[in-house]
Amino acid sequence: METNKPLIKPFRANAHLLKLLGDELIGDDRLAVFELVKNAYDANATSVDVTLNLECGNPNIIIWDHCGFGMTENDILNKWMEIGTNSKRSENKVRTPPPLSRLPLGEKGVGRLAVHKLGKQLTINTKAENSQEYKITINWPKLIEDAEYIEDTRVTITPLEKPEFFEYETGTRIEIGALNNTHWTRGDLRRLKRLLTSLISPFKTVSDFNVNLSVPKREKDLADLLEAQDILDKALWTYDFIIDEDGKFSSNYSFNPPQTFKELAVSSCEQDDDPLELLEPSKEEELARDKDVRESLLLKSADLEGIGPISGTFYIFMKTPAILSAVGSPQLIKEYLKEQSGVRVYRDGIRVFNYGEGKDDWLGLNAGRINMPGKKIDTGMVIGGIDLNLETSSGLKEKTNREGFDDNDTYKRYRWIVASVIEDFHIKHREDREALDEYLKGDIKDASPATTRFAESIDDVKKSIKKHGLEEEMSNKVAQIESDYYQMREVTLSSGIAGINLAVIFHEVERGVDDLNESIRKSDDYDTLLKRAEHLAELLEGFAPLLRRNEQKTFDIKALTQKIIQLNQHRFMHHNVAISCPINSGESESFKITAPYGLLQATLSNLIDNSIHWTKLKSEIEGDSFQPAIRIDSLPNWFKEGPALIVMDNGPGFSLTAEEAIQPFKTSRPGGMGVGLYYSDKVMETIGGRLQICDPEDLDLPEAYQGAAVVMIFARN
């Protein structure tokens, strides 16, 4: 008996694999419908009707393609029923006959299993040219239960003597019953509508493929959805580009400010067949290039190998309230951008999922804007589409789970090229962006010298106090306000922190003095007068560190974080806040800076105070199950300007935008004066750094700290 003779046996696939493939490869119900619609495109259909019957006795979903190829018995047996078929791959990936001449989008041979995600019952009616109509029925649970292995499964295929749906045309109708999810919310339906709408590039005026969605008895849920063009027409900037097969770059840029902004001029520029200057590559991007062009700073034809020509269109918005109000329909624009913003990818005019979906930031726009918020765009500001030729972009391989391209060398080059194009837009729009920012800042006017106005107002207050016999009660408080005001003026103009622009703070103080004076004249009660005076005193007191001269000195940031933890330890314990600072324990890298120690201590204390407040608030809302937590950490190499110190927490995060949060007197904190972050921002500005409010996801922060994230960024020594 031979004991060493090898056994040669085949792999066997359990029937349960069918369910696993359907459930695990498709992300959600919307994407499952999306995949079935893409199959209709591959079948050369001219249109497809998607119907969600959710309000009937037996809810079902129907995907019906019109004038598609349909299937013969041979197609059903040897293509549709063969999982992973190569009918759309390699030499079989050929264009359909004219006039449509389409290349198939799918090539994995598993997209049909998307029906598993949607329901348990499947009925397919299909008819090909010169063939009778066939009906396929599958009860997925029974099919899998009755078979041990895939080859043991049995599907019922019935040739119909009399057609049920395809008497005059070819095509395929898929009906899915016994739905896994019958509770589609209004938001679900609207997201599905937008997803199906996004299947076809909105930037192409003509399409040979139409998708129609109907939801009987739920029509009102979709009634007020805006068409893309309604929003695109309101964009501030438009930018188109083309990169041909030789790597020649052409672009068209235009700036279209609101008509009411009369001081701002429309501008545009074009360039044709110029070289594209590339961003400095990462090591991976550099190695993804051909060796012969690896040192080149410009795009070369070799860089387009496996990618082919690239074109695209961007519509860029700003969500500043003044701008949205000026262009009209501000709320609708904000809602549309929330759902539809991002940069999508299309091949032959059909979308590649999931680029531009949700929080997807495949080009790193959000991280770039964190570094240069006034000069860059983020995903929430842009509705964009990048177009590829399906035939020449063969090096970009779609993942089996339909969530983007494989991260191979071709994709790395492609992403890098598109990011370089967006940088070209950033450069072209810079001057118009600065002009727009200056125009918006000009809305706050300061007609007369502030000091003169304040002196006149404070004299009026003194006279009113004397006239109403309030000298004993109010004189000291008014004297304190006057002294602090003038001292702050002097310090900001002539001290070591000259350059801080506190014009808005001064304006608020001056307005408060006027209000106090008016209250005295109206003989308001004493408590009201005292509260007004105390408010002014507190406002100036909040900037007390600015009124002290702060000498520059060089120190290790660890000295600052240790001091802050020590000073606030009793507060952390009192509010049951878990505090961590890896810098102090040596787990994170420290760094040295040269700056006024007292100013930075006050700045960091402000940030800690905010975090304590908001985490405590969340704790009170959620109860004992929530543990407030704050973390102070270093980001030594994240920002180009230099090292950074971050304060993060697990509170509710900012309800204001990053721009609003650092504006003076804007706060969502009850009773808050709204000057803490403004003060911190100005302190960082005076030492050559900056304050940045970040989305925790942009910084890859720990999941435990997804609330507020405020970063103190220092200039390199």
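About the cut-offs
Residues numbered from 1 in each chain as written. Predicted model: local features only at pLDDT ≥ 70, side-chain atom pairs only at ≥ 80, totals over all residues. Heavy atoms only, no water. Helix = DSSP H or I, 4+ residues; strand = E, 2+ residues; numbered from the N terminus. Buried < 20%, exposed > 50% of the residue type's maximum accessible area, 1.4 Å probe, protein only. Contact = heavy atoms within 4.5 Å. Areas by Shrake-Rupley, 256 points an atom, 1.4 Å probe, with all protein chains shown as cover. Pairing = 2+ DSSP bridges. Axes fitted to C-alpha atoms, helices over the stretch in contact; angles between N-to-C directions. Left-handed = near helix turned anticlockwise from the far one by under 90°. Nonpolar A, V, L, I, M, F, W, Y, C, P; charged D, E, K, R; others polar. Parallel < 35°, antiparallel > 145°, perpendicular 65-115°, else oblique. pLDDT = per-residue confidence, 0-100. Core = buried A, V, L, I, M, F, W, Y, C linked by side-chain atoms within 4.5 Å. Domains from an automatic or database assignment. Arc of directions from axis to C-beta. Salt bridge = Lys/Arg side-chain N within 4 Å of Asp/Glu carboxyl O. Lys, Arg positive; Asp, Glu negative; His and termini not counted.

The chain has the name C4-dicarboxylate transport sensor protein DctB in an unreviewed UniProt entry, where Vibrio quintilis is given as its organism.

Student: Report on the overall build of the chain, specifying residues and quantitative values.
Tutor: In terms of helices and strands, the chain carries 21 helices and 21 strands. A buried classification covers 49% of the 717 residues belonging to the chain. Across the chain, contacts joining residues at least 24 apart in sequence account for 72% of those joining residues at least 6 apart. As displayed, the chain offers around 35,300 Å² of accessible surface, 48% of which is attributable to carbon and sulfur atoms.

Student: Describe the sheet that holds strand β4 (residues 134-139), naming the residues involved and giving the relevant values.
Tutor: Strand pairing in a sheet is mediated by backbone hydrogen bonds. Such pairs are either parallel or antiparallel. An order of β5-β4-β3-β6-β2-β1-β7 is seen for the 7 strands of this open sheet, with the pairing classed as mixed. Taken across any chain shown, the strands that pair with only one partner, and hence form the sheet edges, are β5 (156-159) and β7 (210-214). Adjacent strand axes in the sheet meet at a mean angle of 15° when their direction is disregarded. The pairing of strand β1 (residues 47-53) with strand β2 (residues 60-66) spans 7 bridges and is classified as antiparallel. For Val-48, the partnering residue across the bridge sits in β2 and is Asp-65. Docked against the sheet, helix α2 (residues 29-42) engages β1, β2, β6 (171-179) and β7, running at close to 150° with respect to β1. Helix α6 (residues 186-198) contacts β1 and β7 of the sheet and is inclined by roughly 170° relative to β7.

Student: Residue-level account of the packing of helix α19 (residues 597-622) against helix α21 (residues 676-686), with values.
Tutor: Relative to each other, α19 and α21 sit at 145°, their axes nearing to 9 Å. Once α19 is placed against α21, the crossing between them reads as left-handed. Counted together, Leu-599, Leu-600, Ala-602, Thr-603, Asn-606, Leu-607 and Asn-610 of α19 and Gly-676, Leu-677, Tyr-679, Ser-680, Val-683 and Met-684 of α21 form the full contact between these two elements. Classifying every residue of the contact of α19 with α21 by side-chain character gives 8 nonpolar, 5 polar and no charged.

Student: Describe the packing of helix α17 (residues 557-574) against α19, and please don't skip the residues or the numbers.
Tutor: At a closest axis distance of 10 Å, the pairing of α17 and α19 adopts a crossing angle of 40°. With respect to α19, the element α17 is oriented oblique. α19 is crossed by α17, and the crossing has right-handed handedness. Seen from α17, the contacting residues are Ala-559, Leu-560, Lys-563, Ile-564, Leu-567, Asn-568, Arg-571 and Phe-572; seen from α19, they are Tyr-597, Leu-600, Gln-601, Leu-604, Ser-605, Ile-608, Asp-609 and Ile-612. Class assignment for the residues of the contact of α17 with α19 results in 10 nonpolar, 3 polar and 3 charged.

Student: Before we move on, could you go through the pairing of strand β19 (residues 644-649) and cite the residues and values that matter?
Tutor: Most of β19 is tucked away: 6 of the 6 residues are buried. Residues Ala-644, Ile-646 and Met-648 line one face of β19 and the alternating positions Leu-645, Val-647 and Asp-649 line the opposite face, and both faces are buried. Pairing between strand β18 (residues 629-635) and β19: 6 bridges, direction antiparallel. Paired with Arg-631 across the two strands is Met-648, which belongs to β19. Direction of pairing for β19 relative to strand β21 (residues 709-713): antiparallel, over a ladder of 5 bridges. When the sheet's bridge partners are listed, Leu-645 is paired in β21 with Met-712.

Student: How would you sum up the environment of Asn-130? Please name residues and give values.
Tutor: Relative to the helices and strands, Asn-130 resides in the loop between β3 (119-127) and β4. Here Asn-130 falls in the exposed class, since its relative accessible area comes to 79%. With 40 residues separating them in the primary sequence, Asn-130 and Thr-170 have C-alpha atoms 9.3 Å apart.

Student: Help me get a handle on the confidence of the model for the chain, residues and values and all.
Tutor: For the chain, per-residue confidence averages 81 on the pLDDT scale, and 81% of positions sit at 70 or higher. Low pLDDT (under 50) marks residues 443-450, which in the prediction has 5 contacts with non-local residues, meaning those over four places away or in another chain. Overall, residues 493-504 carries pLDDT values under 50, and its contacts beyond four positions in sequence, including any with other chains, amount to 25 contacts.

Student: Quick rundown of the sheet that holds β18? Include the residues and the values.
Tutor: Pairing within the open sheet is mixed, and its 5 strands lie in the order β16-β18-β19-β21-β20. Both outer strands of the open sheet, β16 (578-580) and β20 (690-693), are each paired with one neighbouring strand and no more. This sheet shows a mean twist of 15° between the axes of neighbouring strands, independent of strand direction. Along the sheet, α21 contacts β20 and β21; its crossing angle with β20, the most-contacted strand, is approximately 135°.

Student: Explain the nonpolar core to me, using residue names and the numbers behind them.
Tutor: Core analysis: the largest hydrophobic core is formed by 54 residues, its most contacted members being Val-37, Val-50, Leu-52, Leu-122, Ile-176, Phe-209 and Val-211. Looking at this core, the element that brings in the most residues is α2, giving 8 residues. When residues of this core are assigned to domains, at least three fall in each of domain 1 (15-221) and domain 2 (228-440). Those residues in contact with Leu-122 that sit more than four places away from it in its chain are Trp-80, Val-115, Ile-136, Thr-137, Ile-138, Trp-140, Ile-174, Glu-175 and Ile-176. Core analysis: the second largest hydrophobic core is formed by 46 residues, Val-345, Ile-377, Tyr-414 and Leu-440 among them.

Student: An account of helix α3 (residues 73-80) is needed here, citing residue identities and associated values.
Tutor: For α3, every residue scored as buried is listed here: Asp-75, Ile-76 and Trp-80. Buried residues in α3, looked at end-on, bunch into an arc of 100°, giving them a common side. Buried residues belonging to α3 abut β3, β4 and β5.

Student: Can you tell me about the environment of Tyr-679, naming the residues and giving the values?
Tutor: Structurally, Tyr-679 is set in helix α21. As for Tyr-679 and Leu-599, which are separated by 80 residues in sequence, their C-alpha atoms are 9.9 Å apart.

Student: Give me the lowdown on the pattern of salt bridges, citing residues and values where you can.
Tutor: Using the criterion set out here, one finds 20 salt bridges in the structure. With its nearest N and O atoms 3.7 Å apart, the salt bridge here joins Arg-347 to Glu-398. Linking Arg-347 in strand β12 (residues 342-347) with Glu-398 in the loop between β14 (382-388) and α12 (409-441), this pair joins segments that are 51 residues apart in sequence. Residues Arg-347 and Glu-398 agree in their burial class; the two are buried.

Student: Account for the side chain of Arg-413, naming residues and giving values.
Tutor: One can find Arg-413 in helix α12. Within the buried core, Arg-413 has no salt-bridge partner, and the shortest N-O distance to an opposite charge, that of Asp-303, equals 5.5 Å. Those residues in contact with Arg-413 that lie beyond four places of it in its chain are Ala-288, Arg-289, Ala-302, Asp-303, Leu-304, Glu-305 and Ile-307.

Student: Lay out the environment of Lys-375 with the relevant residues and their values.
Tutor: Take Lys-375: it is sitting in the loop between α11 (365-371) and β14. The partly exposed category is assigned to Lys-375, whose relative accessible area is 35%. Separated by 59 residues in the primary sequence, Lys-375 and Glu-434 have C-alpha atoms spaced 8.2 Å apart. Those residues within four positions of Lys-375 in sequence are excluded, and the remaining contacts are His-426, His-429, Arg-430, Arg-433 and Glu-434.

Student: Tell me about unusual backbone geometry, and name the residues and values.
Tutor: That bond from Phe-353 to Asn-354 is cis: its omega, 10°, falls within 30 degrees of zero. Its location among the elements puts Asn-354 in the loop between β13 (350-352) and α11. With phi around 60°, Asn-130 is a residue other than glycine that occupies positive phi space. One non-glycine residue, Asp-348, lies in the positive phi region at around 50°. Along the chain, Asp-348 turns up in the loop between β12 and β13.

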